[in-house]
Each structure stands twice: as C-alpha cells, then as structure tokens.
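A closer look at the structure
This is what each chain is made of:
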Amino acid sequence: MITTIRRRDAVETKGWPDSVHPVLRRVYAGRGVAAHADIDYRLVTLAEPARLGGITRACEMLAEAIHSDQCIVVVGDFDADGATGTAVAVRGLRLLGARNVHYRVPHRQVHGYGLSVALVETLTDPRPDLIVTVDNGIASHAGIDAAKARGIAVLVTDHHLPGASLPAADAIVNPNSPGDTFASKALAGVGVMFCLLIALRSHLRELNWFDKRSVAEPDLRCLLDLVALGTVADLVPLDRNNRVLVAAGLRRIRNGDACAGINALLVVGGRDPARIGASDLGFIVAPRINAAGRLEDMAVGIECLLADDASLARALAEQLSAINAERRHVQAAMTEQADALVARWIATQGQATLPFGLCLFDPEWHPGVVGLVASRLKDRLHRPVIACAPAGEGSDEVRASARSIGGFHVRDALAEVDARHPGLIARFGGHAMAAGMTLRHADLPAFATAFDAVTREHLDEAQLHAVLLSDGELDGADFTFELARALRDGGPWGQGFAEPLFDNEFDLVSWRIVGERHWRMQLRLAGAAEVIESILFNAPDGEQPPTRLRALYQLDIDEWNGRERVRLLIRHIESA
C-alpha cells in the first residue's frame, strides 16, 4: 500500500478571538469551522428533536404506555451504540414515569441481528405491550410482522439507512428515513433515543403529566455521558450536533457526574475520568462494552451501564475487561490468519490481481470479531474489506462485516449487488463506512466476484493509495504544553472531525524499541537544539527509523508517575 502525506488547503482564519490559539484556528478552518460560534457546544444549540419524522406519534405511544402502565420492552443491538442506547432508553423512560420497563438484546449467534422473528418468539416473560427498538428495526420487516401478529405494538428508533420499503411498525423515528427533515443525519442510535426522550418530556409537560403527579420534571442531562459514549463508539461523523452531545457528555464525566458503569470502565482501563477525551471513550471504554456482544452476552455490558452501585459496576467492568482481553486474543489470531490469506494470494497471483473489494472467509473465525478483522485489513490494504465467518454450528449461512475507505459507500455497494443478483444476499444493512450482511455459504464465491465488480466501478487504482491529511508544520516554539492542551480540549475530535495532525522534517537523535514493537525516538527539528520525545506504536517489524525523516504526528501530553511532558505520537514516517 502506498501512503502519502497531504497538507490541508490553507483557509482564512480572521475574526477569531485572541483566546483561541492561532494553530487551533488553523485546525478549525481546515475542518470547515468558519467562526467561533460554530464551536459553541451549549446544549441549547442542539437541533430541535421535534423535527424528527414520526416523533409525534412515537411520543403519543410512549405517553399512553406510561399512563396505562403497559409493559415496555426495549430491544437493543449487541454493539456499544445499542448498549448505551438501551441504557438511555431504560433509564430515561423510568425517569419519565414508566414503571414497567424491561430490555432484551439479541444474542448474535442465537437470534441474529435486531428484532428478528427468533427474538420475538422469546419475548414471553414478560410479554410486552410495546416493543421499542434502539439502533435497529429499520430492516426488521419479518420480526415486526411477527410482533404485530401477536398483538404487540412496535416503535422503531434507528439511524441505519432504510431499504426499498419501510417495515410495518406503528411508528418510526429515524433521521435517515425518506423525507425526514431533521438537521443532523449523523445521529447514532443512542442520539436518536435521547432526542425522543427530550421530545417525550415536552409532550408529557403539555399533558400536565408532572403537575398532576406533583413531581419535578427529570433532568435528562444525566444521560449525556451514555450518549457521548455511544456516539463516539459507533464512529458516526461528529457533525456539529454530535459534537454538542459528545462535549456535554465529556463535561459530565470530567466533573464526576458520570454513571457508575462508565466511571468503573475508565478506571479498570487505567484512565482518570477527570482528564479524559473522546478518544478514551473510543479506545478504552467502547471496546470493553463491545466485547460482551462479540463473544458473550451484551446484557453484561448493559447491566454495567445501568448499575448505580459502584461496587457492582466495578465488578461488571472487570468482567467486561476480561472478556475484552479474550477478544483481543481471538482478534489477533484471526487477523494473523487473514494476513496469511492475503500474502498467499499475492505470492501466487501477484499484488496487481488483489481484488479492489476484498472478501475473506475462514471456517474457524468467530462471527463476533469479523468486523474488527475487516477494519484492520482495510487499514493495511486501503481498500474495502469484507470478513466472513460461519453463522453458527450446523448453519449453512455466513455472517459478514464490511469496512470501507473514504469515497466508497459500502452499504450502497451491497444494495447494488443485491439489485443485480436478487437472492444472493439474504439480509444486509449499515452505513457508508461499515455494513453487515448474511448470505449462504455456497454463494460466497459468487458474492465475492460481484462485490469486487461493483467496487471496481466506483474506485480506481489511485483511490487505493492512502492519503493522510496534515494540518501543516509546527514551529519550534509551538511544541508546548499550552498548545498541546488547547488541541486536546478543542474537540471533541473523532470520525469526520479528525484529531489535529501535523508534519515536519526531523533529525533522528536516538531511538530504541520498547514493548516489543514500539519505537521510542528522540527527534530534533532541523537547526534546533531542543530534543523532542516521540513514539511510534506498532512499528514495522525488522525495520528502523531513517536518520532524516518526515513525520506525521499528534502533539500530545505524556503523563507518567505524576509527571507530564510534551510528546509526539507519530502516525506515519517516511524518509526525508
């Protein structure tokens, strides 16, 4: 894979207050933030939840269910967005007066994805009057039909792209539904549920629900730590609306107001809740939640997020951490096998014959981890990758996860394959950058050929070369705690609002290997006297850094044994 560094185009940065560091102004401008008002992340600037399509009917259904003390069963998904969305739904509905709220989450290998027929058949104890889906449901036609046949009302809340037709739910709240006018199409599933709860509170206020019962309206801001976690974990674009949600959640966590489960997950992950950023949610907390749904039962993760007792939350967090350690072991083995499959292909057929859209299968792979394998290979090969595993013992189906690169909408690509080859894919859904599907094992070769053909129609050779965007050079005077803190606190950074990265040419002063595969380096800007501490994680095996190099890096603050120092986190190195 060819990787190049490209600097973002220079953009005018006038009109900013002096309190915003000039480098940070440049970073904002490179991400389309034109004015200081665009980084006003107060909650009052959120997009109006009432603009979500279907939300009026959804509020009416939930208000009636609360008033009539109906049994509400929240059906979530088995990833971190689904887990946090489920916890937000359960906590929020109880705060708003619901007394009979339960949740269920499908088991990946038993029920499949979402509100399936198999899951509906298990909803007997308790039997729901109303099912509320979170982060799923927009593709659950059969499951919703099965629920309706049993006399169960269904309210779908989702954010995934719908198919050619919508399911026969009683109400659907999804910013990506056809004709929906909500300002942010990038809400995660947990964000959709939070917006619904805000709207429901307004609806109940209009019905004098709180006054009639002489109770105070609940402050739903207590849910924002969960909303922030799910939004970051699901890798949805951090548009302005999502940044408002994530920033508010991070403030709660830093101020010590997070739920016991998130605090416990941060502590077992070695992070101080008072000093975290969005990346800590994405790399420390989310994998531990996700691991439960990948290898075991997501109910463990949801119970951790619903726990109010600190000791219980800590015990569940430690259990999730142990599951995550097992997940890392499984993932490492599967990734090694996937690398071997690719290497064997290249050795026998040549690099030039490698599919543009790569589809890999191994009969021993775990279906809960294929998405992570696809993501690793996508990063290494810079092309769309689909990893597949048996759906379960004795099944003739495979479950697959796709990961994509910029410029290639993988969910739309699957829709093209489905349109050209009806019946080849049993079920599919997802986003631009990630998707999932189920198909028969016997159809894998035909699918792999069809997927590669569609990929080649939308990508050319040049797009298979990775381009890393830089925010330009830093001057020698910029390697300071002041700027490092300003950049850290200037986010939240994440998907679609990338962490600030810079590039400079350096002389290598010294280096050594730490932790088996990491390069710890001392670098010096040309003509400067000061040495800058730097580290490159997961460096190439058997290589060493060049004596004169160009590095793409993040300006970071390293904390060790109570001491702080400025450090460069190296993302890419090339000879200068």
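Just so you know, these numbers come straight off a predicted model, no measurement behind them.

Turning our attention to the sheet that holds strand β14 (residues 518-525). In spatial order, the strands read β13-β14-β15-β17-β16; together these 5 strands close into a barrel with mixed pairing. Taken pair by pair, the neighbouring strands of this sheet meet at an average axis angle of 45 degrees, ignoring direction. Where β14 meets strand β15 (residues 532-536), 5 bridges bridge the pair, whose relative direction is antiparallel. Paired with Leu-523 across the two strands is Ile-532, which belongs to β15. Relative to the sheet, helix α17 (residues 481-489) contacts β13 (502-514), β16 (548-560) and β17 (563-575), its axis offset from that of β16 by approximately 85 degrees.

Attention now goes to the layout of surface pockets. In this structure, the second largest pocket occupies an estimated 440 Å³ of space. Taken together, 21 residues form the lining of the second largest pocket, with Glu-48, Pro-49, Ile-198, Ala-199 and Ser-202 sitting closest to its centre. Within the residue set of the lining of the second largest pocket, elements represented by two or more residues are α2 (55-67) and α6 (189-206). When residues of the lining of the second largest pocket are assigned to their parent elements, the largest contribution, 8 residues, is made by α6.

As a further point, take the pattern of salt bridges. Within this structure, the stated rule accounts for 35 salt bridges. Notably, a salt bridge pairs Arg-99 with Asp-69, separated by 3.7 Å at the nearest N-O pair. Residue Arg-99 is located in the loop between α3 (80-95) and β3 (101-104), and its partner Asp-69 is located in the loop between α2 and β2 (72-75); the two are separated by 30 residues in the primary sequence. Judged by relative accessible area, Asp-69 falls into the partly exposed class, the value being 34%. A salt bridge links Arg-440 to Asp-443, with the shortest nitrogen-to-oxygen separation between them at 2.6 Å. We classify Arg-440 as partly exposed; its relative accessible area is 39%. Put simply, Arg-7, Glu-473, Asp-503, Arg-550 and Glu-574 are held in one network by salt bridges that share partners.

About the criteria used
- Residues numbered from 1 in each chain as written.
- Predicted model: local features only at pLDDT ≥ 70, side-chain atom pairs only at ≥ 80, totals over all residues.
- Heavy atoms only, no water.
- Pairing = 2+ DSSP bridges.
- Helix = DSSP H or I, 4+ residues; strand = E, 2+ residues; numbered from the N terminus.
- Axes fitted to C-alpha atoms, helices over the stretch in contact; angles between N-to-C directions.
- Contact = heavy atoms within 4.5 Å.
- 1 Å grid on protein atoms, 1.4 Å probe; cavity = no way out; pocket = protein on both sides within 12 Å on 5 of 7 lines; lining within 4 Å.
- Points joined across faces, edges and corners; volume = space filled by probe spheres on them.
- Salt bridge = Lys/Arg side-chain N within 4 Å of Asp/Glu carboxyl O.
- Buried < 20%, exposed > 50% of the residue type's maximum accessible area, 1.4 Å probe, protein only.

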